[in-house]
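# A look at the structure
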Amino acid sequence: QVQPVQYGGGSLQTGGSLRLACVVSVDTLSGFCIGWFRQAPGKEREMVARFLPAGPFSTYSDSVRGRFSLDRDFEKQTVYLQMDNLEPEDTAIYYCAATRLDCTDTTLTLAQSWDNWGQGTQVTVSS
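Each value, and the rule that gives it
- Residues numbered from 1 in each chain as written.
- Predicted model: local features only at pLDDT ≥ 70, side-chain atom pairs only at ≥ 80, totals over all residues.
- Heavy atoms only, no water.
- Helix = DSSP H or I, 4+ residues; strand = E, 2+ residues; numbered from the N terminus.
- Rg over C-alpha atoms; globule rule 2.2 N^0.38 Å.
- Buried < 20%, exposed > 50% of the residue type's maximum accessible area, 1.4 Å probe, protein only.
- Contact = heavy atoms within 4.5 Å.
- Areas by Shrake-Rupley, 256 points an atom, 1.4 Å probe, with all protein chains shown as cover.
- Lys, Arg positive; Asp, Glu negative; His and termini not counted.
- Charge placed at Lys NZ, Arg CZ, Asp CG, Glu CD.
- Pairing = 2+ DSSP bridges.
- Axes fitted to C-alpha atoms, helices over the stretch in contact; angles between N-to-C directions.
- Polar contact = N/O pair within 3.5 Å; in protein donor to acceptor, adjacent residues only side chain to side chain.
- Core = buried A, V, L, I, M, F, W, Y, C linked by side-chain atoms within 4.5 Å.

Bringing the overall build of the protein into the picture now. Secondary structure summary: the protein contains one helix and 11 strands in total. A globule of 127 residues ought to have a C-alpha radius of gyration of about 14 Å, and the protein, at 13 Å, matches this closely. By its C-alpha atoms, the protein is 40 × 30 × 25 Å across when sized along the principal axes. Within the span of the protein, comprising 127 residues, buried residues form 44% of the whole. Partitioning the contacts of the protein with sequence separation of at least 6, the portion at a separation of at least 24 is 60%. Here the protein has roughly 6,600 Å² of accessible surface; of this, 46% comes from carbon and sulfur atoms. Taking the average location of the 10 positive side-chain charges in the protein and that of its 14 negative ones, the two points are 1 Å from each other.

Now for the sheet that holds strand S1 (residues 5-7). Spatially, S1-S3-S8-S7 is the arrangement adopted by the four strands of the open sheet, whose pairing is antiparallel. The open sheet has two edge strands, S1 and strand S7 (68-73), and neither has a second partner. Each neighbouring strand pair of the sheet contributes to a mean axis angle of 20 degrees, computed without reference to strand direction. In terms of strand pairing, S7 meets strand S8 (residues 78-83) through six bridges, oriented antiparallel. Bridging from a neighbouring strand, Arg72 pairs with Val79 of S8.

Below, the discussion takes up the side chain of Asn116. If you trace the backbone, Asn116 turns up in strand S10 (residues 116-117). Engagement of the side chain of Asn116 in a polar contact is seen with the side chain of Asp115, the distance being 2.9 Å. Discounting residues that sit within four places of it in the chain, Asn116 has contacts with Val2, Pro4, Phe32, Cys96, Ala97 and Ala98.

Proteins that are soluble and globular tend to have nonpolar side chains buried together. Counting residues in each nonpolar core, the largest one holds 28 residues, and the members touching the most others are Leu20, Trp36, Leu81, Met83 and Tyr94. Counting only elements with at least two residues in this core, the list comes to strand S3 (18-23), strand S4 (33-39), strand S5 (46-51), S7, S8, strand S9 (92-99) and strand S11 (121-126). Sorting elements by how many residues they give to this core places S9 first, with four residues. Those residues in contact with Leu20, other than ones at most four positions away along the chain, are Tyr7, Gly8, Gly9, Trp36, Val79, Tyr80, Leu81, Met83, Tyr94, Thr121 and Val123. Ranked by size, the runner-up nonpolar core spans eight residues in total, among them Phe37, Met47, Cys103 and Ala111.

It is worth spelling out the side chain of Arg67 at this point. Along the polypeptide, Arg67 turns up in the loop between strand S6 (58-60) and S7. Given a relative accessible area of 11%, Arg67 falls into the buried group. Here the side chain of Arg67 touches Asn85 through a polar contact of 3.1 Å, landing on its backbone oxygen.

Turning to unusual backbone geometry, a few remarks are in order. Omega for the bond connecting Gly55 with Pro56 falls within 30 degrees of zero, at -5 degrees, which places this linkage in the cis form. Topologically, Pro56 is positioned in the loop between S5 and S6. Phi is positive for Gln77, which is not a glycine, with a value near 55 degrees. The topology assignment puts Gln77 in the loop between S7 and S8. Although it is not a glycine, Asn85 adopts a positive phi angle of roughly 50 degrees. Among the structural elements, Asn85 can be located in the loop between S8 and S9.

Put into structure tokens, the structure is as follows:
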């Protein structure tokens with residue numbers, strides 16, 4: 001089974017940076033598609049990015065493209081979401097997820113398409 005464990009999150013000011021971490025097995029990093037989602041109160045859970053840690057595929061939502069980036073460390077069995085130039089609109093609970101489905105499948109923009117989820121971590125951005 002795949003059980004992502006998340007680290008990071010916190011509170012910071014507009015324009016700041018934060019890095020979220022998601023620990024999974026090296027086999028998961030090699031063979032799974034990894035996604036990052038966020039959910040604000042009263043809103044649906046939305047995809048912000050997903051990628052193949054083994055390469056070459058990655059994609060970002062329009063709202064974060066150019067500000068967020070993905071990385072991975074096979075030795076530490078960890079994937080990262082680097083968030084720069086944060087805005088109050090980025091405030092949400094952030095989740096990592098993993099799936100064996102084809103990472104290029106556009107249905108993976110929907111949270112319901114994923115089956116392995118981290119526990120979530122709060123990111124709060126103040127103006």
